[in-house]
Amino acid sequence: MTAPHVLEARDVIAGYAPDLPILHGVSVHVDAGEVVSIIGPNGSGKSTLVKAIAGLVRVSAGNVRLDGRDITGVAAHKLAAEGVGYVPQTGNVFATLTVRENLVIGGAPLAKAAALDRIEEICTIYPILEERMHDKAGSLSGGQRQILAVARALLTKPRLMLLDEPTASLSPMAAGELFDAVRTLAEGGAAVLMVEQNVKAALRMSDRGHVLAEGRNRIEGPAADLLADEGIGEIFLGFRRDAAWKEGAG
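As the structure is a computational prediction, the values presented were derived from the model and not from experiment.

Draft legend 1. Layout of the pairing of strand S4 (residues 58-66). Examined bridge by bridge, strand S1 (residues 7-15) and S4 share seven bridges and lie antiparallel to one another. Across the sheet, the residue bridging to arginine 10 is asparagine 63, located in S4. What sits between S4 and strand S5 (residues 69-70) in their antiparallel hairpin is a turn of two residues, with aspartate 67 showing a positive phi close to 50 degrees.

What follows is the structure, encoded as structure tokens:
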């Protein structure tokens, strides 16, 4: 019997008001060790999809499963115990607290000794956190703050990590640091679903991609194939059919 996907969202209809759905039957799955990027034009429902999976937006039809278990509608604050980590686009670290204090808060669901051991493990994955352990989170660079947010979510060893626009407002260098961190996360065995506006960079480090438009699945497939298809950039992402799709526009 085939093992279930770590994440499977099937035919999800969801939105911020019962009679005004943003998603119209969207489906996506992610397996262990895989990075899947959700891309598409503004207003296509990308962030709504991640928030629906994370329990922050009401799902009115369809279902969301984690390792085959139905987690549809489970409240966001309960999902960490179910193996789901979620990093929102903004407000994802406590700027006035130190890096260590942020990590301790992230490890609160664990026993104290286990949390301290886990913080030590996380710092071997992301050494910059050890270097900045006693600095205020607000003093970190944008990329370092995002790495801290990811690391904090990792403390409970989630099977699934949801990232909403992780490189928003970051410099190219900081975005690169963050993407490296995401790839390291997947290589550790987690399943990663990422919403990202930096299309080319996201596809280059992803295994698969989904293009959403108007709240519906439009195209899905291996990330390398999507990156090579100039028509996707022209039709769904507003890029011209020229070198900008492959080299310049993001």
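Further notes follow.
Draft legend 2. Up close: the pattern of salt bridges. Following the criterion strictly, the structure yields eight salt bridges and no others. Between arginine 132 and aspartate 135 there is a salt bridge; the shortest N-O distance is 2.5 Å. Of the charged contacts in the structure, one is a salt bridge between arginine 183 and aspartate 207, with a shortest N-O distance of 3.2 Å. A residue pair is termed long-range when its members are at least 10 positions apart, and arginine 183 in helix H7 (residues 172-187) and aspartate 207 in the loop between helix H8 (199-205) and strand S9 (208-213) qualify at 24 residues. Assessed through its relative accessible area of 33%, aspartate 207 is described here as partly exposed.

Draft legend 3. Seen up close, the sheet that holds strand S3 (residues 35-39). Strand order in the open sheet made by the six strands is S6-S7-S8-S3-S9-S10, with mixed pairing throughout. Each edge of the open sheet carries a strand with a single partner, namely strand S6 (84-87) and strand S10 (216-222). Taking each pair of neighbouring strands and ignoring which way they run, the sheet shows an average axis angle of 15 degrees. With four bridges joining them, S3 and S9 adopt parallel strand pairing. Note on S9: the bridge partner recorded for isoleucine 39 is valine 211. Helix-sheet contacts for H7 involve S3, strand S7 (160-164) and strand S8 (191-195), and the interaxial angle to S8 is about 150 degrees.

Draft legend 4. Quick look at the side chain of histidine 210. Mapping histidine 210 onto the fold places it in strand S9. On the basis of relative accessible area, histidine 210 is assigned to the buried category, the value being 1%. With near-sequence residues (within four places) excluded, histidine 210 lies in contact with Ser27, Val28, Val36, Ser37, Ile38, Ile39, Asn217, Ile219, Glu220 and Leu226.

Draft legend 5. Structural detail: the environment of alanine 80. Topologically, alanine 80 is positioned in helix H2 (residues 76-82). A relative accessible area of 34% means that alanine 80 is categorised as partly exposed. Taking the C-alpha atoms as reference points, alanine 80 and arginine 218, 138 residues apart in sequence, are found 30 Å from one another.

Draft legend 6. Structural context of the environment of glycine 55. Within the secondary structure layout, glycine 55 lies in the loop between helix H1 (46-53) and S4. Separated by 164 residues in sequence, glycine 55 and isoleucine 219 have C-alpha atoms that sit 25 Å apart. With near-sequence residues (within four places) excluded, glycine 55 lies in contact with Val74, Ala76 and Leu79.

Draft legend 7. How the structure looks around helix H6 (residues 142-154). Over its 13 residues, H6 runs 19 Å from end to end, which matches the ideal 18 Å to within 8%, given 1.5 Å per residue. With eleven of 13 residues buried, H6 is to be regarded as a mostly interior element. Of the residues making up H6, those classed as buried are Gly143, Gln144, Gln146, Ile147, Leu148, Ala149, Val150, Ala151, Arg152, Ala153 and Leu154. On its buried side, H6 packs onto S6, helix H3 (99-106), helix H4 (112-125), helix H5 (127-131), S7 and H7.

Draft legend 8. Representation of the nonpolar core within the structure. Among the nonpolar cores identified, the biggest contains 38 residues, and Tyr126, Leu129, Val150 and Met161 are the most heavily contacted of them. Of all elements in the fold, only H3, H4, H6, S7, H7, S8 and H8 reach the threshold of two or more residues within this core. The element contributing the most residues to this core is H7, with eight residues.

Draft legend 9. Examining a negative patch on the surface more closely. On the surface, a cluster of negative charge is made up of Asp117, Glu120, Glu130 and Glu131. The set of elements that each furnish at least two residues to the negative patch consists of H4 and H5. Mapped onto the elements of the fold, aspartate 117 is located in helix H4. You can call aspartate 117 partly exposed: its relative accessible area is 46%.

Conventions and cut-offs
Residues numbered from 1 in each chain as written. Predicted model: local features only at pLDDT ≥ 70, side-chain atom pairs only at ≥ 80, totals over all residues. Heavy atoms only, no water. Pairing = 2+ DSSP bridges. Helix = DSSP H or I, 4+ residues; strand = E, 2+ residues; numbered from the N terminus. Salt bridge = Lys/Arg side-chain N within 4 Å of Asp/Glu carboxyl O. Buried < 20%, exposed > 50% of the residue type's maximum accessible area, 1.4 Å probe, protein only. Axes fitted to C-alpha atoms, helices over the stretch in contact; angles between N-to-C directions. Contact = heavy atoms within 4.5 Å. Expected span 1.5 Å × (residues − 1). Core = buried A, V, L, I, M, F, W, Y, C linked by side-chain atoms within 4.5 Å. Patch = residues over 30% accessible without salt bridge, like charges linked within 9 Å, V, L, I, M, F, W, Y side chains within 5 Å. Areas by Shrake-Rupley, 256 points an atom, 1.4 Å probe, with all protein chains shown as cover. Lys, Arg positive; Asp, Glu negative; His and termini not counted. Charge placed at Lys NZ, Arg CZ, Asp CG, Glu CD.

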